[in-house]
Amino acid sequence: MIVFVYDKTLDGLLSCVFFAYEQKKFPELILSESDPKPLFADERYYVIAEKEKSIRVWKALEKKLSKFAQNMVLSVWLSELPETAMLLFRYIRKNIDHPQGIEMNFGDDDVLRIKDIAQKVGTDARKLIQFIRFQETADGIWFAPVSPRYNVLSLIAPHFRSRYAGQPWIIYDTMRNTGLYYDTRRVQEISFAQEDLAELKSDRLDTGKLSDEEAFFQKMWKEYFQSITIKERINLKLQRQYMPKRYWKYLPEI
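Note that the structure is predicted; figures quoted are calculated from it, not measured.

Visitor: Quick rundown of the nonpolar core? Include the residues and the values.
Guide: Residues F4, I30, Y91 and I171 are the most contacted members of the largest nonpolar core, which totals 55 residues. Among the elements that line this core, the one with the most residues is helix α5 (residues 109-131), at 8 residues. Apart from the residues within four sequence positions on either side, I30 is in contact with F4, Y6, L13, C16, A85, M86 and F89.

Okay, here's the thing in structure tokens:
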């Protein structure tokens, strides 16, 4: 068994592809440093991520894959599923080795799996755009905690940068302690100190950290929502169909 160990970055994975062709060594497993290692491995290689090599691999893929297929590869990477590294490695290798590429060969199990994961990641990003709720903080920044299944913040950033171009905002992924901060000029990735995580992971900000207007409108909106609710006609099954329950905790009206 040949095992590659890498740094769990996309550049690292693409460097694994370069290393495999350079050394004529093709792995049965690609693991990160923190993954449990198999007891028995014939060969184990620690592959260093090198930007130049990863770019060369990506450029080779651009010649074989449509833009749509390239975006699917990136979406699968953002899924962070345990199978991602080996699945993408096999998919990339098949496309490089095949004269015309295999992106439309839906008789191939890896192609089908790539398509399936990419669709799920895309759905997660679209639902996040639909159901995200901002809260205006006392210092004038609009803040939204989220907990997507997949690491999709980079996919939704263009929408919110365009939609809310004139106001600063933060979208914070509570599961991954990473967020996007837009200061009305550019979007940058941020994280928070450990002591701030407990409050940030709660469903909503403490009232004392909201602007007076935001606290007022949240109260009014909740009262309005309750006043128009007809208890006899509540249909939780239908609600969950149109708005999955995992988004409810971030909605001020619930």
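Visitor: Go over the pairing of strand β2 (residues 29-32), please, and point to the residues and values.
Guide: Alignment of strand β1 (residues 2-6) against β2, held across 4 bridges, turns out to be parallel. Bridge pairing in β2 places Y6 opposite S32. Note that the unit made of β1, helix α1 (residues 10-23) and β2 has a crossover that is right-handed.

Visitor: How would you summarise the confidence of the model for the protein if you had to cite specific residues and measurements?
Guide: Per-residue pLDDT for the protein has a mean of 86; in total, 80% of the residues score no lower than 70. Mean pLDDT across the elements of the protein ranges from a minimum in helix α8 (residues 212-228), with 53, to a maximum in α1, with 98.

Visitor: How would you sum up the packing of aromatic side chains? Please name residues and give values.
Guide: Applying the stated criterion to the full structure yields 11 aromatic pairs. On the basis of an interplanar angle of 80° and a centroid distance of 5.4 Å, the ring pair of F4 and F19 is categorised as edge-to-face. One end of the pair, F4, is in strand β1; the other, F19, is in helix α1, with 15 residues separating them in the sequence. In this structure, F4 and F19 share a single accessibility class: buried. Aromatic pair F160 and Y164: ring centres 6.1 Å apart, planes at 10°, arrangement stacked. F160 gets classed as buried once you look at its relative accessible area, which sits at 2%. Its relative accessible area of 24% is what places Y164 among the partly exposed residues. Ring-pair connections join several aromatic residues into one group, and the members of that group are F134, F160, Y164, W169 and Y182. For R93, the ring lying beneath its charged end belongs to F26, and the centroid distance is 3.7 Å. The residue whose ring lies beneath R163 is Y164, and the NZ or CZ to ring-centre distance is 5.0 Å.

Visitor: I'd love a proper account of the layout of surface pockets, names of residues and values included.
Guide: In this structure, the largest pocket encloses a volume near 820 Å³. Lining the largest pocket are 32 residues; nearest its centre among them are L74, S75, W77, L78 and E80. Residue assignment for the lining of the largest pocket shows that the elements contributing at least two residues are β2, α3 (67-79), α4 (84-97), α5 and α6 (153-163). It is α3 that provides the largest number of residues to the lining of the largest pocket, a total of 7 residues. Here the residues of the lining of the largest pocket are counted per class, giving 17 nonpolar, 8 polar and 7 charged.

Visitor: Can you lay out α4 for me, pointing to particular residues and giving the numbers?
Guide: For α4, spanning 14 residues, the distance from its first C-alpha to its last is 20 Å, which sits close to the expected 20 Å at 1.5 Å a residue. Those residues of α4 not exposed but buried are T84, A85, M86, L87, L88, F89, Y91, I92 and N95. Next to the buried residues of α4 lie β1, α1, β2, α2 (51-64), α3 and α5.

Visitor: Outline the sheet that holds β2, listing residues and values.
Guide: An order of β2-β1-β3 is seen for the 3 strands of this open sheet, with the pairing classed as parallel. The strands lining the two open edges of the sheet, one partner per strand, are β2 and β3 (43-46). Mean inter-strand twist for the sheet, computed between neighbouring axes without regard to direction, equals 25°. Packing against the sheet, α1 makes contact with β1, β2 and β3, and its axis sits at approximately 145° to β1.

Visitor: Quick rundown of the sheet that holds strand β8 (residues 187-190)? Include the residues and the values.
Guide: The strand order across the open sheet built from 5 strands is β4-β5-β6-β7-β8, with neighbouring strands paired in mixed fashion. At either end of the open sheet lies a strand with only one pairing partner, and these are β4 (135-136) and β8. Here strand β7 (residues 178-182) runs beside β8; their pairing, made up of 4 bridges, is antiparallel. Of the residues in β8, the one forming a bridge with Y182 is V187.

Calculation rules
Residues numbered from 1 in each chain as written. Predicted model: local features only at pLDDT ≥ 70, side-chain atom pairs only at ≥ 80, totals over all residues. Heavy atoms only, no water. Core = buried A, V, L, I, M, F, W, Y, C linked by side-chain atoms within 4.5 Å. Buried < 20%, exposed > 50% of the residue type's maximum accessible area, 1.4 Å probe, protein only. Helix = DSSP H or I, 4+ residues; strand = E, 2+ residues; numbered from the N terminus. Contact = heavy atoms within 4.5 Å. Pairing = 2+ DSSP bridges. Right-handed = clockwise from strand over helix to strand, strands pointing away. pLDDT = per-residue confidence, 0-100. Phe/Tyr/Trp six-rings, centres within 6.5 Å; stacked < 30°, edge-to-face > 60°. Lys NZ or Arg CZ within 6 Å of the ring centre and 35° of its normal. 1 Å grid on protein atoms, 1.4 Å probe; cavity = no way out; pocket = protein on both sides within 12 Å on 5 of 7 lines; lining within 4 Å. Points joined across faces, edges and corners; volume = space filled by probe spheres on them. Nonpolar A, V, L, I, M, F, W, Y, C, P; charged D, E, K, R; others polar. Expected span 1.5 Å × (residues − 1). Axes fitted to C-alpha atoms, helices over the stretch in contact; angles between N-to-C directions.

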